[in-house]
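In case you want the letters, here they are:
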Amino acid sequence: MTPMERSGLGFAVAGFVVLSCGDAVVKSMAGEWPPYAVAALRFSIAAIALSVLLWRSEGRAAFVPQNLPLQMARGACLALASVCFFSAIYIMPLAEAMAIAFLSPILTQILAGLILGEEVKPKVYAVSVIALIGVAIILRPNLALLGWGALLPLVSAVFFALLLVTNRASAGQGSALSMQFFVAAFSVPILLVVSVAAKLSGEPTLDFGWPAWDIAARCAVVAVTATAAHWLAYIGISRAGAAKAAPAIYVQMLIAITLGWVFFEDVPDGYTLLGAGLIIAAGLILWRDGLKPDAAKTPTRKPAPKPAPK
């Protein structure tokens, strides 16, 4: 591995560590403000900050999306994935919710085949079964304790996989900064509608008031750390390449276990560790398979012709 690739891997690891820290901050608001309101405020702050950066770096023309329905779909996927994940870590240990969320890279490959028509190797389906067994192992005790709420991280993984698929479909339609702005900006209206509907529903458990200053501050911290984490991961992938930087995402699991243990007294049990191990193993199998060159599709490079003698 070259020095550039090592530094890229370091950036990617740092990004995923920061992302896990933001998830822990979200969990710290459980019982103080509802998850849909937290998501609405968090992405509102991010959208405003990103709009300022985008305006200064690219000008007004960058705010016009090339494919409006696609950008709206990205925002909807992000909004639903975030609400489900925030709700999950409110009621579940951080490590368990994170482990199930790791199903999204595997789901992405399957959904990319169904939606984008990409080739899906048979191994993907076999590995998916292994990952789903891991999910079932983690969910088995949680379904008895939490009911259908235990499925929230699984639903979040599905919507996050759809977000990754729509990200692929929107490749080349703008800069990385504009893509970050669009996905945040289009998620905000959906999250605001959900929050207002919950507020006006008349259901006491869904009601909420204005956030205390510390709640607003923590939402701002989550917005900043998530944006910084995405940029660190982007730099890492740019330097090391997606294939070599991809396994860095599993650092999130170690950080989630540590933060959950230290700050929330969530000690992972054997079911969590076994299920997480199967899910991570499935992801690493696909990663290693992706590193193998496809001889059938790799063109043979012919040597350059020698110059004709004068």
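Reference entry: report on the structure contained in this document.

Basis of the calculations
Residues numbered from 1 in each chain as written. Predicted model: local features only at pLDDT ≥ 70, side-chain atom pairs only at ≥ 80, totals over all residues. Heavy atoms only, no water. Salt bridge = Lys/Arg side-chain N within 4 Å of Asp/Glu carboxyl O. Helix = DSSP H or I, 4+ residues; strand = E, 2+ residues; numbered from the N terminus. Buried < 20%, exposed > 50% of the residue type's maximum accessible area, 1.4 Å probe, protein only. 1 Å grid on protein atoms, 1.4 Å probe; cavity = no way out; pocket = protein on both sides within 12 Å on 5 of 7 lines; lining within 4 Å. Points joined across faces, edges and corners; volume = space filled by probe spheres on them. Nonpolar A, V, L, I, M, F, W, Y, C, P; charged D, E, K, R; others polar.

**What to know about the pattern of salt bridges**
The tally for this structure, following the rule as stated, stands at 3 salt bridges. Across the pair Glu32 and Arg218 runs a salt bridge whose closest N-O atoms are separated by 2.9 Å. Taken as a pair, Glu32 in the loop between helix 1 (3-27) and helix 2 (35-58) and Arg218 in helix 9 (residues 213-240) lie far apart in primary sequence, 186 residues in all. Accessibility expressed as a relative area gives 43% for Glu32, which makes it partly exposed. Classification of Arg218 as buried rests on a relative accessible area of 18%. Note that Lys199 and Asp207 form a salt bridge whose closest N and O atoms lie 2.9 Å from each other. Classification of Lys199 as partly exposed rests on a relative accessible area of 37%. Through salt bridges that share partners, Glu32, Asp214 and Arg218 make up one connected network.

**Description of the layout of surface pockets**
Each pocket or cavity is described by its volume, and for the second largest pocket that value is around 270 Å³. Contributing to the lining of the second largest pocket are 13 residues, with Trp33, Leu192, Phe208, Trp210 and Pro211 lying nearest its centre. Looking at the lining of the second largest pocket, the elements with two or more residues in it are helix 2 and helix 8 (176-200). By residue class, the composition of the lining of the second largest pocket is 9 nonpolar, 3 polar and 1 charged.

**Digging into the environment of Thr258**
Structurally, the position occupied by Thr258 is in helix 11 (residues 251-264). Assessed through its relative accessible area of 43%, Thr258 is described here as partly exposed. Each C-alpha atom of the pair Thr258 and Leu94 lies 9.6 Å from the other, and the pair is 164 residues apart in sequence.

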